[in-house]
Amino acid sequence: MLRVATKGGLSDNRYIGDVDEVRLYNRALSEDELLTIAGNTDHSLVAWYTMDYMTVWSDDGQYHWALTDSSGNGYHQLQPDNGGGDRGSMIRGLDGKARVFEGDNDNLGSLGAVDSSNMTIDDGVSVAAWVYVQPMLEGYVIQKEGEYSLHIVNGSLVGSITGCSDLTFQLPRTVGWHHAAMSYDEAKSELALYYDGRQAIITSCYAVVADTSNPLKLAYQYVGGLDEVRVYRRPM
């Protein structure tokens, strides 16, 4: 039996303390690999939704179901107070669990942010996610109204930066999990879309993105499967 967070040999068999990022390999790791894992901190990471689990989050004495932000910045995606919205149903993803949404989460958004300065776009912004491509796929992967979004409409992947024209890429009709991403590079004045790790389309575009107080919304009006959503405040 494989056990995590236990006190072996003690009667209550419980672990006391904090633990995070537990990994098990069926091979020996090199010193370089261990150093990479130990130093794997990307300060440009704004939000990271693994979709693996939900937690109960308290805000001003109110309790909400929340899709947890694993970046450490606290941008947990909370269900509205009225219990409405779409938390998504758990499904099997490429690596662990994923969620499938039915488009009912009009009000799902982040609250209780630890440090809103992490949201500020300095050199650019990137959004990346695994999406389950199928005929009904539609909606926002990520939306920060007045700033940026990555969404899918009429079978096309659309990247939006306020001040630029939308960039559109027609998705192939291959059903299954595919990686989609958007990157805006302010220094190069370039907006690009990526699909399955390759640049799909790029355009010249310069925009000074306003720093708004609007919430970061995950899976806003989204219909379909979604996994491993990440937002960075830098270009890819």
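Conventions adopted
Residues numbered from 1 in each chain as written. Predicted model: local features only at pLDDT ≥ 70, side-chain atom pairs only at ≥ 80, totals over all residues. Heavy atoms only, no water. Core = buried A, V, L, I, M, F, W, Y, C linked by side-chain atoms within 4.5 Å. Buried < 20%, exposed > 50% of the residue type's maximum accessible area, 1.4 Å probe, protein only. Helix = DSSP H or I, 4+ residues; strand = E, 2+ residues; numbered from the N terminus. Contact = heavy atoms within 4.5 Å. Disulfide = S-S within 2.5 Å. Polar contact = N/O pair within 3.5 Å; in protein donor to acceptor, adjacent residues only side chain to side chain. Pairing = 2+ DSSP bridges. Salt bridge = Lys/Arg side-chain N within 4 Å of Asp/Glu carboxyl O. Phe/Tyr/Trp six-rings, centres within 6.5 Å; stacked < 30°, edge-to-face > 60°. Lys NZ or Arg CZ within 6 Å of the ring centre and 35° of its normal.

J.: I would appreciate a short explanation of the nonpolar core in the present structure.
T.: Generally speaking, soluble globular proteins have nonpolar side chains that are buried together. If you look at the biggest cluster of nonpolar residues, it comprises 43 residues, and the most contacted ones within it are Ile 142, Tyr 148, Ile 161 and Leu 226. Top contributing element to this core by residue count: strand β8 (residues 124–133), with five residues. Excluding anything up to four places from it in sequence, Ile 161 contacts Val 125, Glu 147, Tyr 148, Met 182, Tyr 184, Leu 191, Ala 207 and Val 209.

J.: What am I meant to see in the state of the cysteines here?
T.: By definition, a disulfide links the sulfur atoms of two cysteine residues through a covalent bond. One pass over the structure, following the stated rule, counts one disulfide. Two residues share a disulfide in this structure: Cys 164 and Cys 205, whose sulfurs sit 1.5 Å from each other. Since a negative S-S torsion denotes a left-handed disulfide, the Cys 164-Cys 205 link at about -130° is left-handed. Pair noted here: Cys 164 is in the loop between β11 (156–161) and β12 (167–170) and Cys 205 is in the loop between β15 (198–204) and β16 (217–218), with a separation of 41 residues, a long-range link. Residue classification places Cys 205 among the buried positions, given a relative accessible area of 11%.

J.: Please explain the side chain of Gln 77 as it appears in this structure.
T.: With respect to the element layout, Gln 77 can be found in strand β4 (residues 76–78). A polar atom in the side chain of Gln 77 sits 3.0 Å from the side chain of Tyr 49. For Gln 77, the side chain forms a polar contact with the main-chain oxygen of Leu 216, separated by 2.9 Å.

J.: Is there a simple way to think about the sheet that holds β11 in this case?
T.: The five strands are arranged β12-β11-β10-β9-β16 in an open sheet whose pairing can be described as antiparallel. Here the strands that pair on one side only, and so sit at the sheet edges, are β12 and β16. Strand direction decides the pairing type here: strand β9 (residues 139–144) and β16, joined by two bridges, are antiparallel. Paired with Gln 143 across the strands is Lys 217, a residue of β16.

J.: Any chance you could explain the pattern of salt bridges here in plain terms?
T.: Side chains that differ in charge, positive against negative, can pair when their charged atoms come close. Applying the stated criterion across every chain, the model contains two salt bridges. Measuring nitrogen to oxygen at the nearest pair gives 2.7 Å for the salt bridge that ties Lys 144 to Glu 147. Across the pair Arg 230 and Glu 228 runs a salt bridge whose closest N-O atoms are separated by 3.5 Å. Arg 230 gets classed as partly exposed once you look at its relative accessible area, which sits at 27%.

J.: Would you mind going over the packing of aromatic side chains with me for this structure?
T.: In this description, an aromatic ring pair is defined by two values, namely the gap between the centres and the angle between the planes. All told, the structure shown has four aromatic pairs when counted by the stated rule. Ring centres 5.6 Å apart and planes at 40° place the aromatic pair Tyr 140 and Tyr 220 in the tilted group. A residue pair is termed long-range when its members are at least 10 positions apart, and Tyr 140 in strand β9 and Tyr 220 in the loop between β16 and β17 (223–232) qualify at 80 residues. Ring geometry for Phe 169 against Tyr 195: centres 5.7 Å apart, planes inclined by 50°, an arrangement best described as tilted. Taken as a pair, Phe 169 in strand β12 and Tyr 195 in strand β14 (residues 190–195) lie far apart in primary sequence, 26 residues in all. Tyr 195 sits in the buried class, given a relative accessible area of 9%. One residue, Lys 217, lies across the ring of Tyr 220, its end atom 4.5 Å from the ring centre. Between Arg 230 and the ring centre of Trp 48, over which it is positioned, the NZ or CZ distance is 4.3 Å.

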